[in-house]
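So the chains spell out like this:
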Amino acid sequence: MAARGASATALKQVAQEARSCTLCPLYRNATQTVFGEGPVGAALMMVGEQPGDQEDLAGHPFVGPAGRVLDRALSEAGIERREVYLTNAVKHFKNEPRGKKRLHKRPNRYEVEVCRVWLGKEIALVQPRLILALGVTAAVTLAGRPVVLSRERGRLVTLAEGRRGMVTIHPSSILRVPDAAARRAAFASLIEDLKSAAKQAVA
Ligand code: URA
């Protein structure tokens, strides 16, 4: 328990350091660093791509539209969000200002690579039993190799440094499915993957 307290303190210090991160240029267009949240010792860690517009403004991961999809899926899967460590591969919102809007842009390999230092520290301090990658950016970052989601989703995979992981779709992809029935099916498949991840995290 004392070790867990020390890790929690260390994690807070790392989050504090990350606030002034300038390792790549993404901080210039972002409001703030959005660090991971959740308990040290969480059995399950989930990793998304990067904060979106609302996360950037609020300073918390998964609080926008994708976060609402994830919250619904977690609840349907019987998983308490506060028991999961939730973070992103990249800690700043990559965007392109367009009028009053900020358009989401996918982080490039360099940005993902340099930001890996923060994710590495989160993993080392949280020590999750299983890491679930939400979407391909997180999957590639965590696995350190190309990942085809449709082929690998929902089953145990070995991540970099031998960690146990699983991959699934990103919750925001569900919002982009135009057909209602297909959207329901995609959502149901996410729930199934979350259930498998929760089961494997305590196995
Ligand atoms: N998408 C992500 O990948 N992460 C967030 O925190 C929000 C949206």
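A. Inspection of the environment of T137 at higher detail. Tracing the chain through its elements places T137 in helix 5 (residues 136–143). When neighbours within four sequence positions are excluded, T137 is seen to be in contact with E49, R106, P107 and V112. Looking at T137, its side chain comes within polar contact range of the side chain of E49, at 3.1 Å.

B. Expanded view of the layout of surface pockets. Roughly 670 Å³ of internal volume is contained in the largest pocket. Lining the largest pocket are 31 residues; nearest its centre among them are A66, H104, H170, S172 and R176. Residue contributions to the lining of the largest pocket peak at 4 residues, all from strand 4 (residues 101–104). Grouping the constituent residues of the lining of the largest pocket by class yields 12 nonpolar, 12 polar and 7 charged. Reported here for the second largest pocket is a volume of approximately 280 Å³. Contributing to the lining of the second largest pocket are R106, P107, N108, R109, V112, E113, R116, T137, V140, T141, G144 and R145. Secondary structure elements with two or more residues in the lining of the second largest pocket: helix 4 (109–126) and helix 5. In terms of residue count, the dominant contributor to the lining of the second largest pocket is helix 4 (4 residues).

C. Layout of the side chain of K94. Position of K94 among the secondary structure elements: in the loop between strand 2 (85–88) and strand 3 (95–98). Residue K94 is classed as buried on the basis of its relative accessible area of 13%. In this structure the side chain of K94 is engaged in a polar contact, spanning 3.0 Å, whose partner is the side chain of E111. With residues up to four places along the chain from it excluded, the contact list for K94 reads L26, Q50, L103, H104, K105, R106, P107, N108 and E111.

D. Summary view of unusual backbone geometry. Despite not being glycine, F62 has its phi angle at roughly 50 degrees, a positive value. As for its placement among the helices and strands, F62 is situated in the loop between helix 2 (53–58) and helix 3 (65–77). Even without glycine at this site, Q127 takes up a positive phi of about 55 degrees. Relative to the elements of secondary structure, Q127 occurs in the loop between helix 4 and strand 5 (130–134). What makes Q127 partly exposed here is its relative accessible area of 45%.

E. Spotlight on the packing of helix 1 (residues 2–18) against helix 4. The contact between helix 1 and helix 4 brings their axes to 9 Å, and the two run at 170 degrees. Judged by the inter-axis angle, helix 1 sits roughly antiparallel to helix 4. Within the contact between the two elements, helix 1 uses S7, A10, L11, V14, E17 and A18 and helix 4 uses W118, K121, E122, L125 and V126. Among the residues forming the contact of helix 1 with helix 4, the class breakdown is 7 nonpolar, 1 polar and 3 charged.

F. Layout of helix 3. Here helix 3 contains 13 residues, and its C-alpha end-to-end distance of 19 Å stays within 8% of the 18 Å for a straight helix at 1.5 Å per residue. All of the buried residues in helix 3 are A66, G67, V69, L70, A73, L74 and A77. Along the axis of helix 3, the buried residues cluster in a sector spanning 155 degrees; they form a single face. Residues of helix 3 that are exposed and point over 90 degrees away from its buried face: R72, S75 and E76. If you follow the buried residues of helix 3, they end up packed against strand 1 (44–48), strand 2, strand 5, helix 7 (171–175) and helix 8 (180–202).

G. Summary view of empty space enclosed by the protein. The final tally for this structure, using the stated rule, is 2 cavities of 30 Å³ or more. A volume near 70 Å³ is recorded for the largest cavity. Looking at the largest cavity, the residues that line it are C21, L23, C24, L26, Y27, V90, K91, H92, V114, C115 and W118. Split into classes, the residues belonging to the lining of the largest cavity amount to 9 nonpolar, 1 polar and 1 charged. Within this model, the second largest cavity holds a volume of roughly 30 Å³. R116, I123, I131, L142, L159, A160, E161 and R163 are the residues that line the second largest cavity. Counted by class, the lining of the second largest cavity contains 5 nonpolar, no polar and 3 charged residues.

The rules behind each value
Residues numbered from 1 in each chain as written. Predicted model: local features only at pLDDT ≥ 70, side-chain atom pairs only at ≥ 80, totals over all residues. Heavy atoms only, no water. Helix = DSSP H or I, 4+ residues; strand = E, 2+ residues; numbered from the N terminus. Contact = heavy atoms within 4.5 Å. Polar contact = N/O pair within 3.5 Å; in protein donor to acceptor, adjacent residues only side chain to side chain. 1 Å grid on protein atoms, 1.4 Å probe; cavity = no way out; pocket = protein on both sides within 12 Å on 5 of 7 lines; lining within 4 Å. Points joined across faces, edges and corners; volume = space filled by probe spheres on them. Nonpolar A, V, L, I, M, F, W, Y, C, P; charged D, E, K, R; others polar. Buried < 20%, exposed > 50% of the residue type's maximum accessible area, 1.4 Å probe, protein only. Axes fitted to C-alpha atoms, helices over the stretch in contact; angles between N-to-C directions. Parallel < 35°, antiparallel > 145°, perpendicular 65-115°, else oblique. Expected span 1.5 Å × (residues − 1). Arc of directions from axis to C-beta.

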